[in-house]
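Residue-level structural notes
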Amino acid sequence: RHKFWETQPVGQFRDAADTSLPDGPIEPPTPLSEVRADPYPLPAAFEWLTCDLDDDAFLADLYSLLAHNYVEDDENMFRFNYSPAFLRWALKPPSFFRAWHIGVRAKESKKLVAFISGVPARIRARDDVVRMAEINFLCVHKKLRSKRLAPVLIREVTRRVHQENIWQAAYTAGVVLPTPITTCRYWHRSLNPKKLIDVGFSRLGPRMTMSRTVRLYKLPDAPLTPGFRRMELRDVAAVTRLLRAYLARFVVAPDFDEVDVEHWLLPQEDVVDSYLVESPETHEVTDFCSFYTLPSSVLNNANYATLKAAYSYYNVSTKTPLQQLMNDALIVAKQKNYDVFNALDVMENESFLKELKFGPGDGQLHYYLYNYRIRNGIKPSELGLVLL
Ligand code: NHW
Ligand code: EN5
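Throughout this document, residue positions are counted from 1 along each chain, in the order its sequence is written. Chains and ligands are labelled by the order in which they are written, letters from A for the one and numbers from 1 for the other. Selection of residues for local features in this predicted model requires a pLDDT of at least 70, selection of side-chain atom pairs for listing and counting requires 80 or more, and totals for whole chains, interfaces and linings are taken over all residues. Only hydrogens and water are set aside; all other atoms, that is, all heavy atoms of the structure, feed into the side-chain values.

**What about the site of ligand 2?**
Within the structure, ligand 2 sits among 26 residues, and D73, E75, H188, D362 and L388 are positioned closest to it. Polar contact is the term for a pair of N or O atoms within 3.5 Å; when the atoms are in protein, one must be able to donate a hydrogen and the other to accept it, and sequence-neighboring residues count only if both atoms are side-chain atoms. Measuring from a nitrogen atom of ligand 2, one finds a side-chain N or O atom of D74 at 2.9 Å. In this structure, a nitrogen atom belonging to ligand 2 sits 2.7 Å away from a side-chain N or O atom of E75. Shrake-Rupley sampling with a 1.4 Å probe provides the accessible areas, and residues are treated as covered by the protein chains on show and by no other component. In the complex, the protein chains occlude 85% of the 870 Å² of accessible area that ligand 2 would expose alone. Going through the elements one at a time, β2 (78-80), β6 (168-173), β7 (182-190) and β17 (359-370) are the ones with two or more residues in the shell around ligand 2. Here the element with the most residues in the shell around ligand 2 is β17; it accounts for seven residues. We call Asp, Glu, Lys and Arg charged. Ala, Val, Leu, Ile, Met, Phe, Trp, Tyr, Cys and Pro are nonpolar, and the rest, Gly among them, are polar. Looking at the shell around ligand 2, its residues break down into twelve nonpolar, ten polar and four charged. One heavy atom within 4 Å of a molecule or strand is enough for the residue carrying it to be called near that molecule or strand. Numbering of helices and strands starts at the N terminus; helices are DSSP runs of H or I of at least 4 residues and strands are runs of E of at least 2.

Here it is as structure tokens:
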């Protein structure tokens, strides 16, 4: 059934019943001298390209490949539209490897036709902190689909990750592969219900009028929590302490240090937004919330070309109730003109989704580890990892 995935060190569906297999690496590392030295062969018309994300011309080509060929919803009404600045942020974290930014182009026209990427991360599974690659932005041009190019891209990124003496990876997908560690649901909170209904993202509920719907989703003009403000560079140490203590509660979560927090959480306009609560009395940072910006192209709509979506990222509450904190996140997202605020049912998100009028989406997100077994998987609420 899975001609490629059957050959890979991932949980195989047929092993699901075997309770004797331990948690941890599925196969041991091989000596670096045994890692294949040259790239996997591509069909003759194509060549590998190690990408330079600092090159604006390349970045524009990558942006365009993804904007036209990346992930769509199940009814092909929307397509993710990652911005160039977002791609640069996502692909150039601390200690990134240029060799893990892998393009495929047509030899003759030099057109970029496929891409896959990895970035390094330390991810903890139970009490084991593992150096991993986070794999993302796998994309094959629509005209080259179903030709088994994806397995070549995956083997090539695996080879280049192995060359750095890294043997595990984490990735997410909307499709079921062998074998998810957990399956999450997307939830959506309307901020601009009229537009969402106009583009077919949501529907007018039964016995609801447009004006009742607009009223239902209304939010205050400004955040309500005293001391709620944007995160700044001077907050990195405090945010790192809060986040490390919080993420320690989950079975699978990133092991962030201050360098990681500065990259992944310091606000960048239209890429990532972070807010915190600084106690007006003690000036202590007690709570934190963040979201990233990922618009979707609206396909085939006469009135609108894009939806502006915020995606819940990492949130930590110690003093402000999580529901109140997330309500303030919704308020700032609304102020900044987002149309919808999305969240997965990971971490403690279940505790506020219904109360804050999120509704379940039609999409799921499956989380995977490569060459690392977690017997029986975990619940979404045990997952402390958000991939972009
Ligand atoms: S998930 C988003 C993936 N991208 C898209 O959905 C964009 C639109 N679709 C496409 O571009 C986030 C193509 O349909 C793609 C497949 C390229 C998806 N993950 O070339 P063939 C990520 O980026 C398997 C993994 O003929 P295609 C995460 C499929 O099961 N495998 O198909 C990426 C089949 O194998 P099987 C996927 O439609 C994680 C084979 O590909 C997959 O022309 C990557 C068919 O290939 C997916 N999303 O191209 C893994 N979709 O065994 C990283 C399909 O079933 C692993 N397939 O026969 C770790 C590596 C690093 C390890 C380091 C130690
Ligand atoms: C790797 N980083 O399906 C990611 N999105 O629910 C790759 N649905 O937007 C994997 N179909 O439910 C990504 N509106 C997998 C996700 C791919 C994209 C996707 C879903 C997630 C989505 C929307 C639009 C559906 C359009 C028709 C949806 C309902 C919203 C409604 C708002 C009001 C309250 C009830 C829910």
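**Details of the pairing of strand β10 (residues 272-278)**
Burial here depends on accessible area, computed with a 1.4 Å probe over protein chains only, as a share of the maximum for the residue type. Under 20% is buried, over 50% is exposed, and the range in between is partly exposed. Here β10 lies mainly inside the structure; seven of its seven residues are buried. Alternating positions in β10 separate into two faces, V272, S274, L276 and E278 on one and D273, Y275 and V277 on the other, with burial throughout. Should DSSP find at least two bridges between two strands, the strands are regarded as paired. Bridge analysis of strand β8 (residues 228-230) against β10 gives three bridges, and the strand direction is antiparallel. Paired with R230 across the bridge in β10 is Y275. The sheet contact formed by β10 and strand β11 (residues 285-293) spans seven bridges and is antiparallel. Looking at β11, one finds that E278 is bridged to V285. Count of turn residues in the β10/β11 antiparallel hairpin: six residues, of which H283 carries a positive phi of about 65 degrees.

**Some words on the pattern of salt bridges**
Where charged atoms of side chains with opposite charge meet at close range, the side chains can pair. Between Lys or Arg on one side and Asp or Glu on the other, a salt bridge is scored when a side-chain nitrogen of the former is within 4 Å of a carboxyl oxygen of the latter. Under the counting rule described, the total for this entry stands at 23 salt bridges. Of the charged contacts in the structure, one is a salt bridge between R88 and D56, with a shortest N-O distance of 2.7 Å. On the criterion of sequence distance, the pair formed by R88 in helix α2 (residues 84-91) and D56 in helix α1 (residues 56-69) is long-range, its members being 32 residues apart. Residue classification places R88 among the partly exposed residues on the basis of a relative accessible area of 26%. With its nearest N and O atoms 3.1 Å apart, the salt bridge here joins D198 to K194. In this pair, D198 and K194 are both assigned in helix α4 (residues 193-198), four residues apart and thus about one turn of the helix distant. On the basis of relative accessible area, D198 is assigned to the partly exposed category, the value being 32%. Residue class for K194 comes out partly exposed when judged on its relative accessible area of 42%.

**What about the layout of surface pockets?**
As a volume, the second largest pocket reaches approximately 470 Å³. Both site types are read off a 1 Å grid over the protein atoms alone. A 1.4 Å probe that fits but cannot get out defines a cavity, while an open set with protein on both sides within 12 Å along at least five of seven lines defines a pocket; lining residues have an atom within 4 Å of a point. Contributing to the lining of the second largest pocket are 31 residues, with V119, P120, A121, E134 and W264 lying nearest its centre. Every element with two or more residues in the lining of the second largest pocket is listed here: α2, β4 (112-125), β5 (128-140) and α7 (258-265). Considering each element in turn, the lining of the second largest pocket owes the most residues, six residues, to β5. Among the residues making up the lining of the second largest pocket, the classes are represented as 22 nonpolar, three polar and six charged. Grid points are joined across faces, edges and corners, and a volume is the space filled by probe spheres set on the points.

Nothing here speaks to function; it is all geometry.
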